[in-house]
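Analysis of the macromolecular model
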Amino acid sequence: TMNKIDNIVATFSRGLIPTGSQDPYALRRQAIGIVNILVNAKYNISLIKLIHASLDMLEIRNEEKRIELIGAILDFFKLRVKNLFMEENIKYDVVDAVLEVGCDDIYETYLRAKAVAEAMENIDTTEFKQVITVFGRISNMTKQNKDVDIGEIKESLFEDTVENILYKTYQEVQVKIEELIGQEDYSNVLKLLEKLVVPINSFFDNVMVMSENMEVRKNRLCLLQSILNFSFKIADLSKITI
């Protein structure tokens, strides 16, 4: 695997990046081989760390050059991972949602994709449809307010009981989810997200997020962004179509 990574990094560093059908150094085949090895061996490793090790071996020290190469190589691998998922009949929107939050650890990314795909297969018998809906709603709200400088969540700024309930539920779920992520149990992570559906809906039904009080507004957006960021440990659920 390291030999293949070294070959890919060295070739990219010389500007010889495959384009269209042109791939004289068979880099795509080597990348596909790496992806298959990691998935079949169920092996967790950081691609970025591997690329850094290759860059060190090649004595490429320029920071801008390193950042540029890492980005290009990760995108290259992302396409190989995407093809693998499509071959396994994982729907395009699930693939996009999972890859949107990264694929540095290819086996971990594969497990996330399988978990979301399984949840989608059972969507009519679970609360997962509501999970996608509420997280899509949160995503829309936070995207519309990207310019707001968001800090820490302050309970002292809560004005309605639904805010307290949502925050407490989020904290409880967060502890359990972090434990499950450590075990790479992504199916149960998705099930735990269902516990947030009711308090999120109550929050939106009873609270005006865009309060005239800027501190209160920021605090509410911070709470929503924190919940959204937590879902990004699995996928960008707003990219999934029902």
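Reading the values: rules and limits
Residues numbered from 1 in each chain as written. Predicted model: local features only at pLDDT ≥ 70, side-chain atom pairs only at ≥ 80, totals over all residues. Heavy atoms only, no water. Helix = DSSP H or I, 4+ residues; strand = E, 2+ residues; numbered from the N terminus. Buried < 20%, exposed > 50% of the residue type's maximum accessible area, 1.4 Å probe, protein only. Expected span 1.5 Å × (residues − 1). Contact = heavy atoms within 4.5 Å. Salt bridge = Lys/Arg side-chain N within 4 Å of Asp/Glu carboxyl O.

**Notes on unusual backbone geometry**
A positive phi angle, near 55°, is found at K42, a position not held by glycine. Along the chain, K42 falls in the loop between α2 (27–40) and α3 (47–57). A residue is classified by how much of its surface remains accessible, and K42, at 59% relative accessible area, is exposed. Phi at E184 is positive, roughly 55°, even though this residue is not glycine. Assignment of secondary structure puts E184 in the loop between α8 (161–182) and α9 (186–193). The exposure class assigned to E184 is partly exposed, which follows from its relative accessible area of 23%.

**Remarks on helix α7 (residues 128–143)**
In this model α7 runs 22 Å from its N-terminal to its C-terminal C-alpha over 16 residues, within 8% of the 22 Å that 1.5 Å per residue would give. Listed as buried for α7 are F128, V131, I132, V134, F135, G136, I138, S139, M141 and T142. Looking at the buried residues of α7, the elements they touch are α6 (106–121), α9, α10 (197–206) and α11 (214–231).

**Some details on the pattern of salt bridges**
Going through the model one piece at a time under the given rule, you end up with nine salt bridges. Of the charged contacts, one joins E88 and K114 as a salt bridge, the two residues approaching to 3.1 Å between their closest N and O atoms. Taken together, the residues E88 in the loop between α4 (63–87) and α5 (92–100) and K114 in helix α6 connect sequence positions 26 residues apart. On the basis of relative accessibility, which here comes to 35%, the residue K114 falls in the partly exposed class. When the shortest N-O distance is used, the salt bridge between R112 and E108 registers 3.0 Å. Of the two residues, R112 and E108 are both situated in helix α6; the distance of four residues between them amounts to about one turn of the helix. As far as the burial class goes, R112 and E108 line up, both buried.

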